[in-house]
Amino acid sequence: MTRPGPTTRRGRIRIEGFDRDVDETTVRASTSERAVRDDDFESTRSRPLAEATPSTDAAGSRSQTAGVWARFRTNRSATLGAVLVLGLALVAVFARPLEVATMGYRITLQPFALAPYDPAAMYVGPPNAGPSLAHPFGTDWAGRDVFSRVLVGGRYSLAIGAIAVALALGIGIPVGAVAGYVGGWVDELLMRLVDALYAFPFLVLAIAVVALLGQGFWNVVAALVVTGWLSYARLLRGEVLSIRDAQYVRASSALGTSTRTILTRHVVPNAIAPVIVQATLNVGTVVLAAAALGFLGLGLPPGTPEWGTMLARGQTALLQGHWHVTVFPGLALFLFVLAINLVGDGVAVALDPRTDDAERRGR
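Reading guide: rules and limits
Residues numbered from 1 in each chain as written. Predicted model: local features only at pLDDT ≥ 70, side-chain atom pairs only at ≥ 80, totals over all residues. Heavy atoms only, no water. Helix = DSSP H or I, 4+ residues; strand = E, 2+ residues; numbered from the N terminus. Expected span 1.5 Å × (residues − 1). Bend = angle between axes of the 7 residues up to and from the residue. UniProt positions renumbered as here; feature names shortened; annotations may be inferred. Buried < 20%, exposed > 50% of the residue type's maximum accessible area, 1.4 Å probe, protein only. Contact = heavy atoms within 4.5 Å.

**Observations concerning unusual backbone geometry**
Part 1: Even without a glycine there, the phi angle at Tyr-123 is positive, about 60 degrees.
Part 2: Mapped onto the elements of the fold, Tyr-123 is located in the loop between strand E4 (105-110) and helix H5 (146-182).
Part 3: Residues other than glycine seldom take positive phi values, yet Asn-128 does so here, at roughly 55 degrees.
Part 4: If you trace the backbone, Asn-128 turns up in the loop between E4 and H5.

**Focus: helix H8 (residues 217-243)**
Part 1: When the terminal C-alpha atoms of H8 are compared, their 39 Å separation across 27 residues agrees well with the 39 Å that a helix rising 1.5 Å per residue should span.
Part 2: The largest bend along H8 measures about 30 degrees and falls at Val-226.

**Side note on the UniProt feature "transmembrane region" (unreviewed entry) in the protein**
Part 1: Per the UniProt annotation, the sites labelled "transmembrane region" (unreviewed entry) are residues 78-95, 156-182, 189-211, 217-235, 275-300 and 327-351.
Part 2: For residues 78-95, the end-to-end C-alpha separation is 25 Å, with 89% helix and 0% strand making up the annotated structure.
Part 3: Between the first and last C-alpha atoms of residues 189-211 the distance is 28 Å; the span itself is 87% helix and 0% strand.

**Looking at the environment of Phe-94**
Part 1: Its place among the elements puts Phe-94 in the loop between helix H4 (76-93) and strand E3 (98-102).
Part 2: What makes Phe-94 partly exposed here is its relative accessible area of 30%.
Part 3: If near-sequence neighbours (up to four positions away) are discounted, Phe-94 is found in contact with Gln-110, Phe-112, Ala-113 and Leu-114.

Okay, here's the thing in structure tokens:
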């Protein structure tokens, strides 16, 4: 009885891959590919981590910035607000020449003058004269040109708003980030301080600070900073609490990254968007607060061409029927606050990628 020869068939089951006539070319190719992969792995493992895994943070940041700008640019109302804010800022800068006095010398930084008269020059026209070709916005009780004073007044109001918000962010962001991430008694101490200051109404606290420090540009800024950083600290703390237990934060902490690095590179950049929106909207609020302080006589010194101070000095003229003395400073204040609110709304939409494109175009 003859024994059957070796075969790869066993009943109805066919076993693949055990044929003796395996293609030697395929074997050599697979072996060489495995060797190449092993060499790549060894070379990658021997290189530093920064070289083995190239960073994509810069490219990702650029793409996110481009996306935010694209969403903001397609928002017509936000674009209109940005144009108005930029126009008012340029008019304020070029209203009168900018000069700096140092070491007995005066250096002119900006030689142009859009304002036809010196805002402090008295009796350049008849007192309380109505709008005319020589004085487009008329004159005030001292014969000063209201048009020139409104243009130059933008320097004070816009500068107060920008500087006060920037300084308030410089205080509120670190306080909110540390309170939210560290927690414990640090969080309790900082937040109880915020609650204590929140117990005072915003304007009342600002009036108290100005009354303590006195009138002046930087005193008004200080009063608005003292009352302005609270909202940023509380808002950022809430955002930090929502992301401090995220996977990427825990992974960075497990790798031994310092707390400061985690806050500056991971936590704050991912929690800052609502604070940016709030700060943009607060520029208008701060300008209104500065104008309110000036209207109450607690802002800049009398005679300063600041919009709130001009409104305060024009009360008597308005009661006498000279409407132009208060209408034009009030209109400038209205336009700026409206424009900054449009920009803030556009920033809120642009920083939210989930916003529907159709809704964004219709705004």
